[in-house]
Amino acid sequence: MKFTLSWLKEHLETDATVDEITEALTDLGLEVEGVENPAQKLATFTLAKVKHAEQHPDADRLRVCTVETDEGDKQIVCGAPNARAGITVVLAKPGDYVPGIDVTLSVGKIRGVESHGMMASERELELSDEHDGIIELPSGEVGQKFIDWLAVNDPSKVDPVIEIAITPNRPDALGVQGIARDLAARGLGKLIARPVDPVPASFESDIKVSIDDDTLELAPVFYGRLIKGVKNGPSPQWLQDRLKAIGLRPISFLVDVTNFFTYDRNRPLHVFDADKVKGDLRVHRAKGGEEFLALDEKTYTLAEGMVAISDDNGVESLAGIMGGEHSGCTEETVNVFVESAYWEPVNIALTGRALKINSDARYRFERGIDPAFSLEGLELAVRMIVDHAGGEASEVVKAGEVPDHSRFYKLDPKRVISLVGMEIPEAEQRQTLTALGFRMEGDKAHVPSWRPDVLGEADLVEEVARIASLTKLEGKPLPRVAPGVPKPILTPGQVRATAARRTAAALGYNECVTYSFIDQEAASLFGGGEDGSMLENPISSDMSHMRPDLLPGLLRAAARNQARGFMDLALFECGHAFHGGEPGEQNLQISGVLIGRTGPKDVHGASRPVDLYDAKADAEAVLAAIGAPAKVQILRNGPDWWHPGRHGQICLGPKKVLGVFGEIHPKVLRDMDIKGPAVAFTIWPEEVPLPRSQSAARPALHVSEYQAVERDFAFVVDAGVEALTLINAAAGADKALIEEVRLFDEFTGGSLGEGKKSLAITVRIQPTEGTLKDKDIEALSAKIVEKVSKATGGTLRG
C-alpha cells in the first residue's frame, strides 16, 4: 500500500515529520517497507542563471555556457538544444550525485573545454521522463535550493511516498483514510471529517439492477447511479500526480476516479459506458462456460458459481474483480453507470485464484471492505465526476440490502491491564476504541463495519495495546511467594536430559521420538523380548514388547529413511528403556546413530564414511555436556549387538559403565534391513555421578607455576596386550605428579619378531611443590618402567 504525505494530510491534520509518521506506523502494526523522499535526492541542487552561451569550438551540438552561481561564474559545457542566455536552470556542481544517470560529478573536459558541473534535465533528476532539454524555471533566485523552489511552485514533485505492508487482517488500512484513523488514535494528529455531499437526482435511471435469489449470499447489495452528459478526458493534474506517485498510470478521468477511491477510501468502484449496456444489469451465478473479454484484453471462461454482472448482451463484468472490455469507458463516453457493491470475500478469492486474475479490486474485496460505506462511496465518486466532468445524475438504483455486520464485545479494563502488562487507565482505553471508530455503550464496544478482523474480547485488548504501544512495556520481576532465592524447579536429571538433547542437536543429529513399544524380533536382538516386558493388549503386532534399548527404534527409523533414498543419517533420541515390566525397571538413555557419510571434513570439501571414532567423539561431547568426569576408561565386552572388535565401553572402573560406542553388529543390521555399516552410541545419564558441590560457580583454577616435563617411553609387549592396560599402569606410577599419559605410536614387525609389538607413550609430569631435578625425573621414570613391566610383562625397547 503506497500513499504520499500530502495525500495523508487530506485526512489527517498533523505537523508530524515523515520520520515520526513512519515510526508510528510500524509500531501500530502497519510496517513501513520503504520511504521515497525526493527532497533527499534533490537536496544538493541549486538554481543558477545562464549569462552567455557560445558555440563549442570543436562540436556543433555543444555550447560553452557562462553560468552565474552562488559561487561565482562557472564555465559549463552543455549539449541541450535549449541552452541559451537568460534562462534560470537547475545546477549540479562537482561532487553532487545525479540520480537519473547514477553519476557523481567531477570537473572534466568535454572536447578539450573544461566543464564545472552540469545543468540538469527532469529525467536526470528523476522528476519525469522528459529529456528533450534542460529544466527552464519561470522564476527563482541564483543560489536558491531547488527543493525550496519546488515546495512553493510544484509541491507534488517533493511529496514523500510511503509504502507499508498490510497484513490480511487489516483491510481497513488499504485506504489512506484508514491509515489516518490509526495515526489519529495514536495522537499524531486529528482525523479530518469529510461529509458526503450527494448530487441531487435529476431523473430516473434508465438502467435497473437485479440480484438473483441464489446469489444474494454472495452479492448482498448493489448500488448504482446513471450520469448523463459526462465529458471524459485527461484527469486534473493533481489527480494524475497522486496516482503517478503511487505507481499507477493515469488512463482517463472516469477510470482514474475509480482508482483514486480504491486507494483513498478502500472503496473499489466500476464505471460502465451506459450507451453500451443493453437492457438492465443482472447479478447472478455463472452457469459455467460463459466467455468474458476483460479490460486486460484477455478472454476468460467462467466456471459454475462465479458471480457475474450481465446485460442482454451477456457478461459485462466479473463481479468484484474486473470489468469487461465491451462496456468499458473511452474518450467518447458520454453517459456512465457507476457501480458500488459489496461482494462476499471467499467467493472473490476463489474466483480470482481460479482465473489467475490479480487486480486492486480483488485484493481488497477478498480481504473484506466496509459494506456500510457502499452508498457513501458511490455518492463521493458521483460528486467528483459531476464536479470535474459535468453531467446530471439519476436517482440511486439499489438491489439487495447491506449485510448486518453489527456486533459488540465486552471491554474489561482490568483484564486489559492484566493481559498487556501496562497500567492503561480505563478512560484511555475507552478513548482509544472511540478514536478507532468503536461505539461505546457502557462496557460494550460496538465494532465498526470496516473492521471484519475484530471477532472477540481479545481483539479489543489487542487494539488498546497496539495504540498504547508495546514499546512502552517494562519488564517487571514476578512477585516472590517466600523470601530468599527460590529452589530450582528442574531436577538434576531433567537438566542433564536437556543439556544432552541440545548437545546432540548441535552436533548435527536430528531428534526422533519413537514408540516405547517394539516388536519381539527387534527386542530380542537387543537383549529383550521376554515375557516380563510383553504387553497384554498391544496396539498392533509390531508393538508387542517394551523396548529394552533406544537403538531398535532409531534403526527402524533409519531403515524407513533408507527405503526413501536418504542414505546419510544422523538420528538421536532421549528416553527410557525397560529391562522389566514392573515400576522402576527402566533407565534413561541417550542414543545416537550415524549411517552413511559425514559432511565436508577437509579443505577440499570431501566427505568420508562415518566410523566408530565419530561415535566416540560425539559420545564424549554429550558426556562432557552432562558433567561426566574427564578421566574415564575404555573397556571391551559390550552387549552382543555391538561389533565384537569395534566398540568400547566408557567406564569409571570395570563395573561403572557410563556409555558405549562403536559399530552395530552386521547381523543386527541385516535383520533390521539396514544398509550398513552403522555406528552408534548409548549413554546412561543416571550412571554419571553428580558433582559433590551443587554450586553454580566454577571451581577455582589451579595452575602450577613450575615447568612441566614430558618423557617418551617405548615398550615391547605381547601383541595381545591392550594399550589401555599399559597407559593405566604408567599413570599409576605417581598420581600426584603424572598429569597425563597418551599413546602416540604402535609398531609391529621388523626386528620385534612374531607375536610382539611396540607401544610408545608420552608421560607429562607436572610438579606442584618445586622444580624437579634430574635425579627426581630419573627415579620417576624407573618407577614407570617398573609399573608397566609388572602390569604387561613388557620391556623398554632398545
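Quick note: structure is the one above.
Every value quoted in this text rests on a predicted model; they were computed, and no experiment measured them.

Rules used throughout
- Residues numbered from 1 in each chain as written.
- Predicted model: local features only at pLDDT ≥ 70, side-chain atom pairs only at ≥ 80, totals over all residues.
- Heavy atoms only, no water.
- Axes fitted to C-alpha atoms, helices over the stretch in contact; angles between N-to-C directions.
- Helix = DSSP H or I, 4+ residues; strand = E, 2+ residues; numbered from the N terminus.
- Parallel < 35°, antiparallel > 145°, perpendicular 65-115°, else oblique.
- Contact = heavy atoms within 4.5 Å.
- Nonpolar A, V, L, I, M, F, W, Y, C, P; charged D, E, K, R; others polar.
- Phe/Tyr/Trp six-rings, centres within 6.5 Å; stacked < 30°, edge-to-face > 60°.
- Buried < 20%, exposed > 50% of the residue type's maximum accessible area, 1.4 Å probe, protein only.
- Pairing = 2+ DSSP bridges.

Observations concerning the packing of helix α2 (residues 18-27) against helix α5 (residues 176-186)
Thinking step 1. As a packed pair, α2 and α5 sit with axes 10 Å apart at the nearest point and diverge in direction by 95°. As the angle between them shows, α2 and α5 are arranged roughly perpendicular. Contacts from Ile21, Ala24, Leu25 and Asp27 of α2 reach α5 at Ile179, Leu183 and Arg186.
Thinking step 2. Of the residues in the contact of α2 with α5, the class split is 5 nonpolar, no polar and 2 charged.

Thoughts on the packing of aromatic side chains
Thinking step 1. With the rule as written, the count across this model stands at 9 aromatic pairs.
Thinking step 2. When the ring of phenylalanine 222 is compared with that of tryptophan 343, the centres are 6.5 Å apart and the planes differ by 80°; the resulting orientation is edge-to-face. Linking phenylalanine 222 in strand β16 (residues 221-228) with tryptophan 343 in the loop between β24 (336-342) and α8 (345-355), this pair joins segments that are 121 residues apart in sequence. Across the pair, tryptophan 343 and phenylalanine 222 agree in class, each one buried.
Thinking step 3. When the centroid spacing of 5.4 Å and the interplanar angle of 50° are considered together, the rings of phenylalanine 526 and tryptophan 641 count as tilted.

Topic: the sheet that holds strand β41 (residues 756-765)
Thinking step 1. Strand order across the open sheet formed by 4 strands is β40-β41-β39-β42, with antiparallel pairing between neighbours. The strands lining the two open edges of the sheet, one partner per strand, are β40 (738-748) and β42 (795-796).
Thinking step 2. Alignment of β40 against β41, held across 9 bridges, turns out to be antiparallel. If you follow valine 741 over to β41, its bridge partner there is valine 763.
Thinking step 3. Here helix α20 (residues 774-792) sits on the sheet in contact with β39 (709-718), β40, β41 and β42, set at roughly 25° to β39.

Re unusual backbone geometry
Thinking step 1. One non-glycine residue, arginine 111, adopts positive backbone phi at about 55°.
Thinking step 2. Residue placement: arginine 111 occurs in the loop between β10 (108-110) and β11 (113-115).
Thinking step 3. Note on arginine 111: relative accessible area 55%, which makes it exposed.
Thinking step 4. For lysine 356, which is not glycine, the phi torsion reads 60° and is therefore positive.
Thinking step 5. If you trace the backbone, lysine 356 turns up in the loop between α8 and α9 (360-365).

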